[in-house]
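The chain contents come next:
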Amino acid sequence: MASASVRQITVALAGNPNVGKSTLFNRLTGLHQHTGNWPGKTVGVAVGQLRRQNVQYRFVDLPGTYSLEGTSEDECIAGEYITQETADCTVVVCDGSCLERSLILALQVLQRCGNVVVCVNLVDEAQRHGLQIDAYRLSQMLDTPVVLTAAGRGEGLKELLDQIDQTAQQMPILKKHAWDDPVAEAERITFACVTRESTDRESFRRKVDRLLVSRRFGVPLMLLLLLGIVWLTVWGANYPSMLLEAVFDTGYTRLSALLSGLPWWLHGVLLDGLYATCTRVIAVMLPPMAIFFPLFTILEDVGYLPRMAFLLDPAMAHCGGCGKQALTLCMGLGCNAVGVMGCRIIDSPRERLSAILTNAMVPCNGRFPTLILLGSLFFPEAGAAFVVAACVALGVVGVMVVSGVLSKTVLRSEPSTFIMEIPPFRRPRLGQILVRSLLDRTLFVAGRALTVAAPAGIVLWVLANTSFLSRLAAFLEPLGVLLGMNGIILLAFIFSLPANELLIPVILMTMTQAQSLQSVSGVGQTLLLSSLTWQMAVCTMVFTLFHWPCSTTLMTVYRETKSLKKTAAAFLLPTAVGCIVCMLLNLLL
Amino acid sequence: MEITLDRLGLGKQGTVMSVDTDAPLKRRLGAFGMVPGTSVACRYRTPGGSVTALEFRGTVVALRTRDLKKIRVRC
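Read on for an overview of the structure. (Residues numbered from 1 in each chain as written. Chains lettered and ligands numbered in written order. Predicted model: local features only at pLDDT ≥ 70, side-chain atom pairs only at ≥ 80, totals over all residues. Heavy atoms only, no water.)

Residue and element names in this part refer to chain A. Under the counting rule described, the total for this entry stands at 12 aromatic pairs over all chains. A ring pair is formed by Trp264 and Trp461, whose centres lie 6.0 Å apart and whose planes are at 50°; its orientation type is tilted. Highlighted residues: Trp264 in helix α10 (residues 264-302) and Trp461 in helix α17 (residues 430-465), separated in sequence by 197 residues. Judged by relative accessible area, Trp264 falls into the exposed class, the value being 61%. Ring centres of Phe292 and Phe296 lie 5.6 Å apart, and the angle between their planes is 15°; on these two criteria the pair is classed as stacked. Pair noted here: Phe292 and Phe296 are both in helix α10, with a separation of 4 residues, about one helical turn. An aromatic cluster is built from Phe292, Phe293, Phe296 and Phe368, whose rings are joined through pairwise contacts. Arg307 extends its terminal NZ or CZ atom over the ring of Phe425, reaching a point 4.0 Å from the ring centre. (Phe/Tyr/Trp six-rings, centres within 6.5 Å; stacked < 30°, edge-to-face > 60°. Helix = DSSP H or I, 4+ residues; strand = E, 2+ residues; numbered from the N terminus. Buried < 20%, exposed > 50% of the residue type's maximum accessible area, 1.4 Å probe, protein only. Lys NZ or Arg CZ within 6 Å of the ring centre and 35° of its normal.)

See below:
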């Protein structure tokens, strides 16, 4: 029933990092913001809507912050939004399992804003820790409404919405508060409102935690874990990839028969250009992604990533970076554009810039298939996993070397401080999150295949059929040879600027000189592999790691730095590294 | 006994007496609730000992051991 009296309420969700703001946000709005158990997951502002009865709620999910005077980019975004008081109601989300620290921010917000609702989230986790929270007492002491929630399970959300509704209707009056030291006040309030029962259920998790970050086993376990993930990805993707290719091959034959009435060029553009490129990208891309992302999500959800950053900080510090850069590299494994944006969690502007410029040197998922295919040249099947893992390691070494050089030359700065919360281990919400990461990514890849691979496929087909591709390849041949590859491969790198996934399809299409990509799906790979010397394969793999970032990443760099010069640097830096390493390899091998 | 926080042994506890780091870090530590009077425990260190994870006010926070030299604790 449409009514004229729909009230619109803007609600800001503020709070410390990693207290479940995004989970709460997703529950309330039905959106699928990425969540994970580590501080800094949300670096931008997300907005979502909810209609309930005659109220239209507009939720603003802010990046987590420890104080209103934060120093890093993401904290500034949150601090500014809260202090400008554009929201009708500010919900401060607190972590029930460590209320004391969460209350410090809540008290700061209460000093600056009227219409505040304090939402104590994660009460289920607090209960597991043996903590009981007296919401009534808390509300009295804070002189503001308090709601207990467990957003992961959807508990307390109705009460929260009722309270938001009620609070937003009041005039925003700043209440007089008696305290002046939020830290001492938080301690006093927590002491009065939280009762602790001793529990020994924690001891097991603590033991696992101690093992995972222990001095002796921490680093080896981390390497094993990462190797395991890469191995599962490479090994597991093999079969579904073949299956998909077979299905698409059949589809090609069927379609070909169906469209036989069309003129040859239209037939070619549609089938050999459009269809073949799209299906190939999907067949090669989708299976590794569908395995890698859920596995990685588990690590994220459990809370392993901050521990990795902890273990890696000493190494990163040597190169003028910090452990948080390791987190952005992990994000880069999924997608470099996301990794570049994640650099907002880094406090020092110089370290942040260096992290942005080098992020593309860790291979993203779009480059995995190329590495897997070339890796299989040396080792059959699962052995390729080691090659891929070595490539990832090489990429990380590259990042560290370049960051180190930058921090000692153009980006010289005082060694900065590093401060990072390490959250408790949480049980991963397997079903919910794995399905989400699978579906979201699947749609993303399918969408990308359509928007990038489809036009690229058509253009490529036309170029291949006007022998333009081969002439261009011949032109690039000297440079390609100098870099230890050949003209065709270099050409393919240039053409895959919009998306790294295009690399192998372009190589195949040019190499076979063919009008059709489909006819070469199975045969072509063998052809490709047999025409490559192992030296060329090594150089191609190195260049896959170190060359210009894809256009999406470059655009993200521009958005983050607002500088064409820095974007150009992000383009040239890895390219220069790739050229130098490839030329050296070419001389040595 | 009063020592600097970087010398607090693994698993040991202490009470913060003073925080004399540079202003930005002091502010950040304050946001986490590390002020004089806070009780801290040393949870774990990296192999080289350059990063230390401290537990205080129910949270575990990782810091460079170098920065802890400016924080005094009584244990």
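There is more to say after this.
A word on the nonpolar core. One broad trend across soluble globular proteins is that nonpolar side chains are buried collectively. Residues and elements named next belong to chain A. Grouped together as the largest cluster of nonpolar side chains are 104 residues, with contacts concentrated most on Phe310, Ile422, Met485 and Phe543. Counting residues per element, this core draws most heavily on helix α16 (residues 383-408), at 11 residues. Residue contacts for Phe543: discarding those within four places in its chain leaves Leu483, Met485, Leu490, Phe493, Trp548, Gly578, Cys579 and Cys582. With 37 residues, the next largest nonpolar core counts Val60, Leu99, Ile189 and Cys193 among its residues. (Core = buried A, V, L, I, M, F, W, Y, C linked by side-chain atoms within 4.5 Å. Contact = heavy atoms within 4.5 Å.)

Once that is clear, we can look at the interface of chain A and chain B. When the parts of a complex come together, some accessible area is lost, and that lost area is often taken as the interface size. Counting residues at the interface gives 34 residues for chain A, matched by 30 residues for chain B. Buried surface at the junction of chain A and chain B, summed over both partners, amounts to about 2900 Å²; 58% is from carbon and sulfur atoms. By the criterion of area lost to chain B, the three top residues of chain A are Arg215, Phe310 and Ile419 of chain A, representing 24% of everything that side buries. On inspection of chain A and its partner chain B, the count reaches 6 salt bridges. Here Glu75 of chain A makes a salt bridge to Arg28 of chain B, at a shortest N to O gap of 3.1 Å. At the junction of chain A and chain B, the tally comes to 11 residue pairs in polar contact (both at pLDDT 80 or more). Looking at the side of chain A that touches chain B, the element that brings in the most residues is helix α11 (residues 304-318) of chain A, giving 6 residues. Of the residues assigned to the side of chain A that touches chain B, the class counts are 16 nonpolar, 5 polar and 13 charged. Across 4 bridges, the pairing between strand β9 (residues 419-422) of chain A and strand β5 (residues 59-64) of chain B is antiparallel. Note on β5 of chain B: the bridge partner recorded for Ile419 of chain A is Leu63 of chain B. (Buried area = accessible area lost by both parts, 1.4 Å probe. Salt bridge = Lys/Arg side-chain N within 4 Å of Asp/Glu carboxyl O. Polar contact = N/O pair within 3.5 Å; in protein donor to acceptor, adjacent residues only side chain to side chain. Nonpolar A, V, L, I, M, F, W, Y, C, P; charged D, E, K, R; others polar. Pairing = 2+ DSSP bridges.)

Turning next to the pattern of salt bridges. Side chains bearing opposite charge may pair, as long as their charged atoms lie close to each other. With the rule as written, the count across this model stands at 22 salt bridges over all chains. For Glu185 of chain A, the salt bridge goes to Arg188 of chain A, with nearest N and O atoms at 3.0 Å. Taken as a pair, Glu185 of chain A and Arg188 of chain A lie in helix α7 (residues 182-193) at a separation of 3 residues, close to a single helical turn. Arg344 of chain A is the salt-bridge partner of Glu560 of chain A, the closest N and O atoms lying 2.9 Å from each other. Of this pair, Glu560 of chain A sits in helix α23 (residues 551-561) while Arg344 of chain A sits in the loop between α13 (336-342) and α14 (349-358), placing them 216 residues apart in sequence. Grouping residues by exposure puts Glu560 of chain A and Arg344 of chain A together as buried. What you see here is one network of salt bridges that share partners, running through Glu75, Lys324 and Asp347 of chain A together with Arg28 of chain B.

So, on to the sheet that holds strand β1 (residues 2-4) of chain B. One open sheet holds the 7 strands; their spatial order is β9(A)-β5(B)-β4(B)-β3(B)-β2(B)-β6(B)-β1(B), and the pairing between them is antiparallel. On the outer flanks of this sheet lie β9 of chain A together with β1 of chain B, each paired with one strand and no other. When the angles between neighbouring strand axes are averaged without regard to direction, this sheet yields 40°. Pairing between β1 of chain B and strand β6 (residues 71-74) of chain B: 3 bridges, direction antiparallel. (Axes fitted to C-alpha atoms, helices over the stretch in contact; angles between N-to-C directions.)

Residue and element names in this part refer to chain A. As for its position among the elements, Arg58 is in strand β3 (residues 55-61). Of the residues examined, Arg58 reaches a relative accessible area of 27% and is grouped as partly exposed. Residues Arg58 and Leu312, 254 residues apart in the sequence, show an inter-C-alpha distance of 39 Å. Setting aside chain neighbours within four positions, we find Arg58 in contact with Gln8, Ile9, Thr10, Val11, Val47, Gly48 and Gln49.

On to the pairing of strand β2 (residues 46-52) of chain A, then. All names here are of chain A. The two faces of β2 differ: Ala46, Gly48, Leu50 and Arg52 on one face are buried, but Val47, Gln49 and Arg51 on the other face are not. Looking at chain direction, β2 and β3 are connected through 7 bridges and run antiparallel. Pairing of Gln49 across the sheet is with Arg58, part of β3. Where β2 hands over to β3, the hairpin turn is made up of 2 residues, of which Gln53 adopts a positive phi near 50°.

Residue and element names in this part refer to chain A. All told, the structure shown has 0 disulfides over all chains when counted by the stated rule. Here Cys113 stays unpaired: no disulfide links it, and the sulfur of Cys89, its closest cysteine neighbor, is 10 Å away. Cysteine Cys391 is unpaired, with the sulfur of Cys582 as its nearest cysteine sulfur at 12 Å. The exposure class assigned to Cys391 is buried, which follows from its relative accessible area of 7%. (Disulfide = S-S within 2.5 Å.)

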